[in-house]
Structure formats: C-alpha cells, structure tokens
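# Residue-level structure breakdown
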Amino acid sequence: MVFDIISAVPELLESPFSHSIMKRAIDKGLMEINIINLRDYGLGPHRQIDDYMYGGGAGMVMMVEPLDNCITELKAKHTYDEIIFLTPDGTTYDQKMANRLSLQKRILLILGHYKGIDQRIRDTHVTMELSIGDYVLSGGELPAAVLVDSIGRLLPGVLSDAASALSDSHQDNLLAPPVYSRPAEYKGEVVPEVLLSGHDKNIEEWRYAQAEQKTKERRPDLLDKE
Ligand code: ADE
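Residues numbered from 1 in each chain as written. Predicted model: local features only at pLDDT ≥ 70, side-chain atom pairs only at ≥ 80, totals over all residues. Heavy atoms only, no water.

### Points about the site of the ligand
All residues adjacent to the ligand are L86, T87, P88, L130, S131, I132, G133, Y135, V136, L137, G139 and P143. The separation between a nitrogen atom of the ligand and a polar main-chain atom of I132 is 3.0 Å. Take Y135: an N or O atom from its main chain is 2.8 Å from a nitrogen atom of the ligand. Relative to its free-state accessible area of 260 Å², the ligand is covered by the protein chains to the extent of 96%. Put simply, the ligand lies in the second largest pocket. Among the elements of the structure, strand 5 (82–92) and strand 7 (128–131) are those that each provide at least two residues to the shell around the ligand. (Near = heavy atom within 4 Å. Polar contact = N/O pair within 3.5 Å; in protein donor to acceptor, adjacent residues only side chain to side chain. Areas by Shrake-Rupley, 256 points an atom, 1.4 Å probe, with all protein chains shown as cover. 1 Å grid on protein atoms, 1.4 Å probe; cavity = no way out; pocket = protein on both sides within 12 Å on 5 of 7 lines; lining within 4 Å. Sits in = over half its atoms within 2 Å of the grid points. Helix = DSSP H or I, 4+ residues; strand = E, 2+ residues; numbered from the N terminus.)

What follows is the structure, given as structure tokens:
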C-alpha cells in the first residue's frame, strides 16, 4: 500500500515511520510512504504557500495554487483510491475506517496548517475529510502519523502474529482485556489464576468477559455501535 503525503513541514514526519512496526512494514516492502514538500510548489522567490483570508479574520490560509499544482501533478502520475484531507472538522476517524482504508492500494493525504486550506481544494480534489478527534492540533502531520500507523499495522504481513491486530481494542467494538507477562507475582500483585491454567476456552471466556466489563464501564457508547 502506498501513501503519498503532502506536507508544509515534512521534517515533522521523519520520525514516526522510521522505527518499530512502521519501519519494518516499509523495509519489507509492504508499505511505501512518499512525502511531498508543499514548499516545492510555493509561489515566487519566497515559495509562498499561505496568504490572508478573504473577508478578514485571524490566521493564514493555505493557498489554492500551490496545492492544486502539487495534487494535479500527482494525479497525473497515479490513481488514488482516496484523497484525504485531515482536518478537525472532518468525520471522526475510527477503527472501522482504518479497516476499510487498509484495503486500498494508494492514498493521498493532504495536511493542513494555519487556518486550513482554500475551500476550492476541498471542493475539487478531496474525496474524504477525516478528524482524529475533537481537539485542534497545529497541523495535519501528527494526524497523518496516526492514520498511517493504524492502517499500516493492519496490512497483511506487517504484524508477526496476524491475530494480534484482531484482538486490539476497538476491533469488535470492545476495549482490550488486561494483559500480563512474567513474573506471575510481583510485589504481592498476582496474575489472574485462569491465565496460568493453560485452558484455552476458559482463558478466552475470561478475556471476553473482562473486555465486555471494561467497555460497559468506560465506553458504553461502543456497545451500541454498528
Ligand atoms: N488538524 C488539526 N487538528 C486535527 C484533528 N483533530 N484531526 C485531523 N486533522 C487535524
């Protein structure tokens, strides 16, 4: 799967994909990430990419022309399954959407800064607008890292144990049950007996009950979700 990412601050994206599971996915050729510096499409000697807002108001807007030139060039070279703009006023991103997007071949991510991007880009190029939560970040780079990580780990072959992703919180609309590792007793705190029993069916039932109880307590809204 390929992610092309248009960013005005590409340095912010250097670390998230250079370590751990994301690095492995890239090294194995299961995921490709291309970061495109929007400055390269900036206008004039100062490579301008933002300007004042028509109608007045605080904050700058990312201009239509550099973004349009960049996106048009990319679209001439590649076919995109989705062109996603990350924005706090988008649809809330969730595991179901991560699952859905993990089936795509090539996605273009547009990352905003300042007050956002010229609406005409959203009207003419963007196919999906996503928010990672009800809070405002300084730009789309952290949300992009969240999106790529959550999708990347679902790609076949990325996790060494394929079942692992299926038992994560939010798959099946349940929060994950507690997990333990050695030692079986630490400072008087013990691992639940059932996990030491070797009885697979009982362990599965215990985990399910724990997941259900935690979800009821913390996120009852998930239990009504489709
Ligand atoms: N850009 C700034 N804040 C954001 C958010 N919450 N989700 C997606 N993109 C954003």
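### Some remarks on the layout of surface pockets
Of the pockets and cavities examined, the largest pocket occupies roughly 450 Å³. Element by element, the count of residues in the lining of the largest pocket is highest for helix 8 (residues 200–218), at six residues. By residue class, the composition of the lining of the largest pocket is nine nonpolar, three polar and five charged. In this structure, the second largest pocket encloses a volume near 360 Å³. Surrounding the second largest pocket, 23 residues form its lining, L86, T87, P88, V136 and L137 being those nearest its centre. Only strand 5 and strand 7 provide two or more residues apiece to the lining of the second largest pocket. Per element, the largest residue contribution to the lining of the second largest pocket is five residues, and it comes from strand 5. Per-class residue counts for the lining of the second largest pocket are eleven nonpolar, nine polar and three charged. (Points joined across faces, edges and corners; volume = space filled by probe spheres on them. Nonpolar A, V, L, I, M, F, W, Y, C, P; charged D, E, K, R; others polar.)

### A short note on the domain arrangement of the protein
Its domain assignment divides the protein into domain 1 (2–152) and domain 2 (167–224). On a C-alpha basis, the centroid separation for the pair domain 1 and domain 2 is 36 Å. (Domains from an automatic or database assignment.)

### Considering the pattern of salt bridges
Scanning the model with the defined rule gives ten salt bridges in all. Salt-bridge contacts for D4 lead to R106; the nearest nitrogen and oxygen are separated by 3.0 Å. Taken together, the residues D4 in strand 1 (residues 2–7) and R106 in strand 6 (residues 106–111) connect sequence positions 102 residues apart. Neither D4 nor R106 differs from the other in exposure class; each is buried. When the shortest N-O distance is used, the salt bridge between R122 and D89 registers 3.0 Å. Here D89 lies in strand 5 and R122 lies in helix 4 (residues 119–124), a separation of 33 residues in the sequence. Each of D89, R122 and E129 takes part in salt bridges that share partners, so that together they form one network. (Salt bridge = Lys/Arg side-chain N within 4 Å of Asp/Glu carboxyl O. Buried < 20%, exposed > 50% of the residue type's maximum accessible area, 1.4 Å probe, protein only.)

### Thoughts on a nonpolar patch on the surface
Together, Y135, L137 and L142 line one region of the surface with nonpolar side chains, adding up to about 300 Å² of accessible area. On the secondary structure map, Y135 appears in the loop between strand 7 and helix 5 (141–152). Its relative accessible area of 44% is what places Y135 among the partly exposed residues. (Patch = residues over 30% accessible without salt bridge, like charges linked within 9 Å, V, L, I, M, F, W, Y side chains within 5 Å.)

### Considering helix 5
Its twelve residues give helix 5 an end-to-end C-alpha distance of 16 Å, which sits within 8% of 16 Å, the value for a rise of 1.5 Å per residue. Most of helix 5 sits out of view: nine of its twelve residues are buried. Turning to helix 5, its buried residues are E141, P143, A144, A145, L147, V148, S150, I151 and G152. (Expected span 1.5 Å × (residues − 1).)

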